[in-house]
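So the chains spell out like this:
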Amino acid sequence: GMRSLPQWAMAAAAAGGGGLIFMLLRRWYERGGGTRQAELFPGLHASCTSPSPRRSKPRHVVVVGAGIVGLSIANELARRGCKVTVLEKEMSAGTQATALSWAWINANSKQPKHYQRFNMLAMDLWDLMFPGYVRWCGSILLNENPKQEVAEYPRHEVSWSQVAELQPGVAWDAAKEGSGESACSYFPSEGVTEPFKVISEMLRRAEAREVQVVYGVTVTGFPWDVEGDVRGVTYVLHGSQGWDGPQTMAADVVVLSNGTGVEQLAKCAGFKVPLLHKPGFLAHTEPIADLVKRVVVSPNCHILQRENGSLVIGESKEAGGASSVAYAVDRYAHESFRSNMPPASNSDEQEDDQGLAELSTFGHRALAAAKRILPVIEEAKLSRVTCGYRPFPEDGLPVIGFCSSSCSTRSPGLYIAVMHSGITLAPLAGAAAALEIAEGLDLDLLSPYRVGRFTKVFRGT
């Protein structure tokens with residue numbers, strides 16, 4: 001059946017006590033216990049466990065962070081009938097990791113098996129939730145044919161002549177440099193999206209569902225109830241001089257989906273969510289003719305083309321250059337991309353100039369590497385270099401779920417959603433988090449990603 005029944009129910013049913021069993025079963029089910037299928041999104045069901053006691057539906061949810069993950073969760077909560085307020089630190093939505101992402105939607109080489117399946121499910125959800133927003137162009141991996149954990153993940157080993165058909169203009173002699181005769185592979189089910197367009201559509205839906213999005217708000221901490229649960233947020237509005245002190249907004253549940261900012265806020269609440277420091281550098285070109293048909297990944301760079309004709313190029317891990325840039329511009333990038341703080345003194349400004357020079361060097365090096373692989377893009381000119389800080393949990397897996405120590409029958413107060421492949425996973429993170437928060441069920445597919453796998457830290461005052 002849809003869910004496993006307790007032994008006593010099976011025994012009683014065998015003995016023929018229909019009506020009574022039904023009543024007892026319903027009471028057992030409402031009290032929690034047992035698994036069942038629940039609708040994750042129209043057209044898609046997933047198995048859930050009903051916790052005991054079952055969490056009540058929150059009236060008001062505050063979502064911290066208006067990036068692609070936060071807005072996805074907010075929209076799905078609103079679809080399920082919750083009142084939702086989104087608080088965003090910047091003055092517009094999706095300006096941090098979302099805007100600065102390469103936006104390749106894939107489940108390629110993701111490990112372990114459950115995580116690759118999780119990404120595959122998210123890819124299916126993109127089409128259900130945002131039809132037409134992903135260009136499923138497929139990806140070519142040059143000189144690589146990585147084994148996939150999930151055997152049915154679509155993959156074709158391709159020859160160099162087939163590569164030329166899939167992506168005209170690949171210089172196979174340059175691409176093969178130093179790699180011997182290794183194969184290439186084609187992943188037809190992968191694609192790219194335009195983060196800006198997705199954010200605009202999410203905001204349009206949010207407005208239609210009466211989600212309130214407030215900008216220029218820095219969340220500083222949490223008010224607690226007598227049972228030790230988070231019951232809202234304290235925050236400071238930008239532009240207020242701070243003399244009026246932090247304000248408080250009450251909520252039944254607070255969702256932390258503010259990317260790299262999750263670690264610090266979770267720590268305020270007494271929970272450990274260790275994130276690695278992962279700057280992501282991308283070189284963007286001026287728009288050129290539509291030449292790059294697929295996502296192209298080679299051992300030293302990866303290339304895709306945006307709808308506006310701009311090429312976006314990153315250096316692959318093996319290139320060895322990105323880390324030196326990362327160190328050189330780290331302070332610079334932190335100041336300007338993370339907190340938008342002005343340089344403090346002249347000596348800092350010199351360091352910043354050095355950082356800018358390194359960024360420029362990175363950009364030209366990445367573009368040169370891309371041109372060696374794809375000489376057809378010879379005309380492309382470097383336009384800018386971006387550095388985004390990627391929210392990257394320590395073990396590489398998402399962190400999604402409630403963190404609560406209380407046994408309260410009400411909803412526990414704090415829910416966390418932070419993950420590395422935020423663009424690929426956003427639709428699934430939204431649907432899954434909203435199901436758990438609004439319906440009081442625990443999704444089986446989220447069980448490997450709970451906050452509790454990192455030890456709880458002592459809740460300081």
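In this text the structure is predicted, and so the values were computed from the model without any measurement.

Novice: Got a minute to help me understand the sheet that holds strand 4 (residues 83–88) in this structure?
Specialist: Paired through backbone hydrogen bonds, the strands of a sheet run either parallel or antiparallel to each other. With respect to topology, six strands assemble into an open sheet ordered 11-4-3-15-22-21, the strand pairing being mixed. Every other strand in the sheet has two partners, leaving strand 11 (212–215) and strand 21 (399–402) as the edge strands with one partner each. In this sheet, adjacent strand axes meet at a mean angle of 15° when their direction is disregarded. Looking at chain direction, strand 4 and strand 11 are connected through four bridges and run parallel. Bridging across to strand 11, Glu88 finds its partner in Tyr215.

Novice: Looking at this structure, I do not really get the pattern of salt bridges. What am I missing?
Specialist: Two side chains with opposite charge may pair up if their charged atoms get near one another. Counted under the stated rule, the structure contains 15 salt bridges. Among the ionic pairs, Glu90 bridges to Lys89, the shortest N-O distance being 2.7 Å. For Glu436, the salt bridge identified is with Arg450, shortest N-O distance 2.6 Å. Taken together, the residues Glu436 in helix 11 (residues 422–439) and Arg450 in the segment after strand 23 (442–443) connect sequence positions 14 residues apart. With a relative accessible area of 1%, Glu436 lands in the buried category. Judged by relative accessible area, which is 22%, Arg450 ranks as partly exposed. Taken together, the shared-partner salt bridges connect Glu201, Arg204 and Arg205 into one network.

Novice: Can you help me understand the packing of aromatic side chains in this one?
Specialist: Summed over all chains, the structure comprises nine aromatic pairs. Centroid distance Phe118 to Tyr449: 4.8 Å. Interplanar angle 50°. Geometry classified as tilted. Here Tyr449 lies in the segment after strand 23 and Phe118 lies in helix 4 (residues 113–129), a separation of 331 residues in the sequence. The residues Phe118 and Tyr449 share a single accessibility class, namely buried. Relative to Tyr133, the ring of Phe130 has its centre 6.0 Å away and its plane inclined at 75°; by these criteria the two rings are edge-to-face.

Novice: Sorry if this is basic, but what is going on with the packing of helix 4 against helix 11 here?
Specialist: When two helices pack together, their arrangement is given by the angle between the helix axes and the distance between those axes. The contact between helix 4 and helix 11 brings their axes to 7 Å, and the two run at 80°. Overall, the two elements helix 4 and helix 11 adopt an arrangement that is roughly perpendicular. Of the residues in helix 11, those touching helix 4 at Tyr115, Phe118, Asn119, Leu121, Ala122, Met123, Leu125, Trp126 and Met129 are Ile423, Thr424, Leu425, Pro427, Leu428 and Ala431.

Novice: Would you take a moment to explain unusual backbone geometry for this structure?
Specialist: With the exception of glycine, the majority of residues adopt a negative phi angle, and the majority of peptide bonds are in the trans configuration. Each neighbour pair has its own omega, and for Gln111 with Pro112 the value is -5°, a cis peptide bond. Within the secondary structure, Pro112 sits in the loop between strand 5 (104–105) and helix 4. One non-glycine residue with positive phi stands out, namely Ala103, at about 65°. Tracing the chain through its elements places Ala103 in the loop between strand 4 and strand 5. Phi angles above zero are rare outside glycine, and Glu210 is one such case at about 60°. Secondary-structure assignment places Glu210 in the loop between helix 7 (195–208) and strand 11.

Novice: When you look at the confidence of the model for the protein in this model, what are you seeing that I'm missing?
Specialist: Interpretation of this model should avoid reading the predicted coordinates in detail wherever pLDDT is low. Per-residue confidence for the protein averages 86 on the pLDDT scale, and 80% of its residues sit at or above 70. Predicted confidence for residues 318–324 stays below pLDDT 50, and this span has eight contacts to residues more than four positions away or in other chains.

Novice: Please clarify how the environment of His302 should be interpreted in this entry.
Specialist: Tracing the backbone shows His302 in strand 18 (residues 301–305). A residue is classified by how much of its surface remains accessible, and His302, at 17% relative accessible area, is buried. Taking the C-alpha atoms as reference points, His302 and Ile140, 162 residues apart in sequence, are found 9.9 Å from one another. Not counting chain neighbours up to four residues away, the residues in contact with His302 comprise Trp102, Val296, Val297, Val312, Ile313, Gly314, Glu315 and Ser316. Here Ser316 takes part through its side chain, which lies 3.4 Å from a polar atom of the side chain of His302.

Cut-offs used in this document
Residues numbered from 1 in each chain as written. Predicted model: local features only at pLDDT ≥ 70, side-chain atom pairs only at ≥ 80, totals over all residues. Heavy atoms only, no water. Pairing = 2+ DSSP bridges. Helix = DSSP H or I, 4+ residues; strand = E, 2+ residues; numbered from the N terminus. Axes fitted to C-alpha atoms, helices over the stretch in contact; angles between N-to-C directions. Salt bridge = Lys/Arg side-chain N within 4 Å of Asp/Glu carboxyl O. Buried < 20%, exposed > 50% of the residue type's maximum accessible area, 1.4 Å probe, protein only. Phe/Tyr/Trp six-rings, centres within 6.5 Å; stacked < 30°, edge-to-face > 60°. Parallel < 35°, antiparallel > 145°, perpendicular 65-115°, else oblique. Contact = heavy atoms within 4.5 Å. pLDDT = per-residue confidence, 0-100. Polar contact = N/O pair within 3.5 Å; in protein donor to acceptor, adjacent residues only side chain to side chain.

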